[in-house]
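Reading the structure
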Amino acid sequence: MKKKINLSEEDKKIWKEFTNNPRGIFDKDIQKKIKENNKQRFKFDLHGFSLEQANKVTKKIVISCFEKRFNEILLVTGKGLHSDVDRDVYKSKNLNKLRYSIPEYLTSSKELSEKIKSVSPANQADGGDGAIIIKLKN
């Protein structure tokens, strides 16, 4: 066991000031509470879903994320480059692709549009033309 060193009055004063106002120390518990109360983004990939399946899943995701108080949703829709809509003349080349139809579905549904602040294309780092960002109301 080490022998205790006698502290000077100045060191005691500095220590007391520090413990009363600990500047510069990161409090991970406070940061964790902030993250729990301020959920940022939910991400989901819709690759491989049909238009009907994607709409159903998107509806569930928006409602669930709204209830769980997420700020935004990143939906990866893909760019539609591998869609086979060119083969069927009765299919829309734009609205049959998820990247166009999902935003249309969100804005046309009253139940969902009440929960949504905005729908916009994702920036390049988040997927660019192959993804959309849905900002939710709080």
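Look up: the structure comes first, before these words.
A short tour of the structure in this document, coming up. (Residues numbered from 1 in each chain as written. Predicted model: local features only at pLDDT ≥ 70, side-chain atom pairs only at ≥ 80, totals over all residues. Heavy atoms only, no water.)

1. Topic: the overall build of the protein chain
Scanning the protein chain for helices and strands turns up five helices and four strands. Each helix and strand of the protein chain, ordered N terminal to C terminal, gives the series α-α-β-α-β-α-α-β-β. Residue burial in the protein chain is summarised as follows: out of 138 residues, 26% are buried. Taking the contacts inside the protein chain whose residues are at least 6 apart along the sequence as the reference set, 61% of them involve residues at least 24 apart. If you sum the accessible surface of the protein chain, you get close to 10,800 Å²; carbon and sulfur atoms cover 51% of it. (Helix = DSSP H or I, 4+ residues; strand = E, 2+ residues; numbered from the N terminus. Buried < 20%, exposed > 50% of the residue type's maximum accessible area, 1.4 Å probe, protein only. Contact = heavy atoms within 4.5 Å. Areas by Shrake-Rupley, 256 points an atom, 1.4 Å probe, with all protein chains shown as cover.)

2. Considerations on the packing of helix α3 (residues 51-67) against helix α4 (residues 98-108)
Any two packed helices are characterised by how steeply their axes cross, that is the angle between the axes, and by the distance between the axes. One way to put it is that α3 packs onto α4 with a least axis distance of 10 Å and a crossing angle of 50°. Our classification of the angle between α3 and α4 gives oblique. Relative to α4, the crossing made by α3 is right-handed. Of the residues in α4, those touching α3 at Leu51, Ala54, Asn55, Thr58, Lys59 and Val62 are Leu98, Ser101, Ile102, Tyr105 and Leu106. A class-by-class count of the residues in the contact of α3 with α4 yields seven nonpolar, three polar and one charged. (Axes fitted to C-alpha atoms, helices over the stretch in contact; angles between N-to-C directions. Parallel < 35°, antiparallel > 145°, perpendicular 65-115°, else oblique. Left-handed = near helix turned anticlockwise from the far one by under 90°. Nonpolar A, V, L, I, M, F, W, Y, C, P; charged D, E, K, R; others polar.)

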